[in-house]
Amino acid sequence: MNITQHPELLDRLAASYALGTLRGGARRRFETLAREHATVRAAALVWQTRWSGLTELQPAVEPAPAVWTRIDNLVQAGKSQAAMQAARADAAEAAAREPSAGGWWRNLLVWRGAAAAGAVATLAAVVVGVQVNGGLKATTGAQIASLQQQLQATPQIQYVAVLADAKADASMLVTFDPKNNQLVLQRVGGFQEGDDKSLQLWALPPAGGPRSLGVLGNDKLLKLTAQEGDVKEVPTLAISLEPRGGVPSATGPTGPVLFKGALIRKAT
Amino acid sequence: MSSTLHPDSELMNLIDRIAEQDDSALKELYRRTSAQLFGLALRIVRHRDTAEDVLQEAFLSVWRGAGSYRGALSPPMAWLGLIVRSRALDALRKRTSDRADLMNELDDDMAQVLEGDSPNPMDTADASEQAFALHHCLGRLENKQREVVSLAYLRDMSHGELAEQLKLPLGTVKTWIRRGLEQLRSCMARYA
């Protein structure tokens, strides 16, 4: 029987095929016919299109505001990652052209590139950090959601970052409270700098060089004064190892970057 | 209908801007469509946390894949709906394989759905014309027929799976779907 001569039957089969209820041997036979006859393919396509309307007809439900914050954070992290990879490529090119142009500026570009490469690790680091600090569980999405919820539940804290080392082990939890202009850093790893060294916290804005946010003391819980403008629109924070007392902000980091991580803004 | 005021055109412009990595367009698209798409995800996976993950995944995939939209030749809401459905089905399969007790939960949920006098939903200004036609034709079905046909499509379930989950005899499910399909076919033929 040539199915293309039986439009009624063809339409019925195409509707069942596209609905998904045509199964097993009947489905395979229909697929074979569709490969052979454009008419059959067209009928299937018509019904696939019709049924797809079902996805538009379900009752609307508002998702939690944290969902958009999560999407936006991931999109922004991806954008800064792409920008930094471009910067790293430029830096490598510049370095190849003019090897003497090195110094701290080249270090900086390589460093920012490294921060970009760490973006995926950074997400993992946020998760690790939450586990270390909050004892929370479950999968990545749920953990980020939990972190968001924690933030929501703590009204004065609007920014949080978990800084991790190259192995994605969380070492520092950073929160910012704009009401009190206070950055709070909590050491969660076992790292301890030597007596002649200091850790220095840097903001990595999307454009321009790193800005120093302060030098860390030896306490487990550290507080630094900062303005919201210092951290707003900053995708990444990083900590470098510097000579004791730190270096001026304009110098930029001179020592190795030990920890870095994305700064996440609370949903508003 | 003016082409500049039609919701499809507005959504298509947003998707074009997203293809150029304009994040403000993504935000606007989310504002416009997230409740509708979240409702769809929730209907398929029946679990709020999972549905939120599905919505997140879907919007990230729109962010990355908006450039392929024009080639899909679909109305924008249908294109978005198919992305969400595909992600939701992945999540549903994963959950089913992760958790053997899922079926019991679903049984309870859906038993309620089918007992209730579920109205023909549709509360969006952005739905495509093809969805309006389907809406109209679905409205002519009995609630139970409409429900079984909708679930078969949305959750990609066979007659046997539907019968098992809805605790209905296989013959009943087959009859409802066959009658539902016949009525829909003759109704939709008028919108060809």
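Residues numbered from 1 in each chain as written. Chains lettered and ligands numbered in written order. Predicted model: local features only at pLDDT ≥ 70, side-chain atom pairs only at ≥ 80, totals over all residues.

### Observations concerning the overall build of chain B
Step number 1: What chain B contains, in helices and strands, is 10 helices and 0 strands.
Step number 2: In chain B, the order of α-helices and β-strands from amino to carboxyl end is α-α-α-α-α-α-α-α-α-α.
Step number 3: When the 192 residues of chain B are sorted by exposure, 41% land in the buried category.
Step number 4: Considering only contacts within chain B whose residues lie at least 6 apart along the sequence, 68% involve residues at least 24 apart. (Helix = DSSP H or I, 4+ residues; strand = E, 2+ residues; numbered from the N terminus. Buried ≥ 20, exposed ≤ 12 C-beta atoms within 10 Å, placed from the backbone. Contact = placed C-beta atoms within 7 Å.)

### Let's talk about the confidence of the model for chain B
Residue and element names in this part refer to chain B.
Step number 1: In the predicted model, chain B carries a mean pLDDT of 84, and the fraction of residues at 70 or more is 82%.
Step number 2: Ignoring residues within four places in sequence, the model shows residues 1-5, a span with pLDDT below 50, making 3 contacts including any to other chains.
Step number 3: Below pLDDT 50 for its whole length, residues 110-117 participates in 9 contacts with residues either more than four positions away or in separate chains.
Step number 4: Across the whole predicted complex the pTM is 0.60, and at the interface the ipTM reaches 0.86. (pLDDT = per-residue confidence, 0-100.)

### Looking at the nonpolar core
Step number 1: The biggest cluster of nonpolar side chains holds 72 residues, and the ones touching the most others in it are Ala14(A), Ala41(B), Leu55(B) and Val84(B).
Step number 2: Considering every element that reaches this core, the biggest residue donor is helix H2 (residues 23-45) of chain B, with 10 residues.
Step number 3: Here Ala41(B) is in contact with Ala51(B), Val54(B), Leu55(B), Val84(B) and Ala88(B), once residues within four sequence places are set aside.
Step number 4: Core analysis: the second largest hydrophobic core is formed by 29 residues, Val160(A), Leu173(A), Leu201(A) and Ile239(A) among them. (Core = buried A, V, L, I, M, F, W, Y, C linked by C-beta atoms within 7 Å.)

### Regarding the pairing of strand S4 (residues 197-204) of chain A
Residue and element names in this part refer to chain A.
Step number 1: Burial of S4 is extensive: 7 of the 8 residues sit out of reach of the surface.
Step number 2: Bridge count between S4 and strand S7 (residues 236-243): 8 bridges; the pairing is antiparallel. Bridge pairing in S7 places Ala203 opposite Leu237.
Step number 3: Bridge count between S4 and strand S5 (residues 211-216): 5 bridges; the pairing is antiparallel. When the sheet's bridge partners are listed, Leu201 is paired in S5 with Gly214.
Step number 4: Between the end of S4 and the start of S5, which pair antiparallel, lie 6 residues, with Gly208 showing a positive phi angle near 85 degrees. (Pairing = 2+ DSSP bridges.)

### Examining helix H7 (residues 129-138) of chain B
Step number 1: Among all positions in H7(B), only Gln130(B), Ala131(B), Leu134(B), Cys137(B) and Leu138(B) are buried. All buried residues of H7(B) fall inside an arc of 125 degrees around its axis, so they share one side. (Arc of directions from axis to C-beta.)

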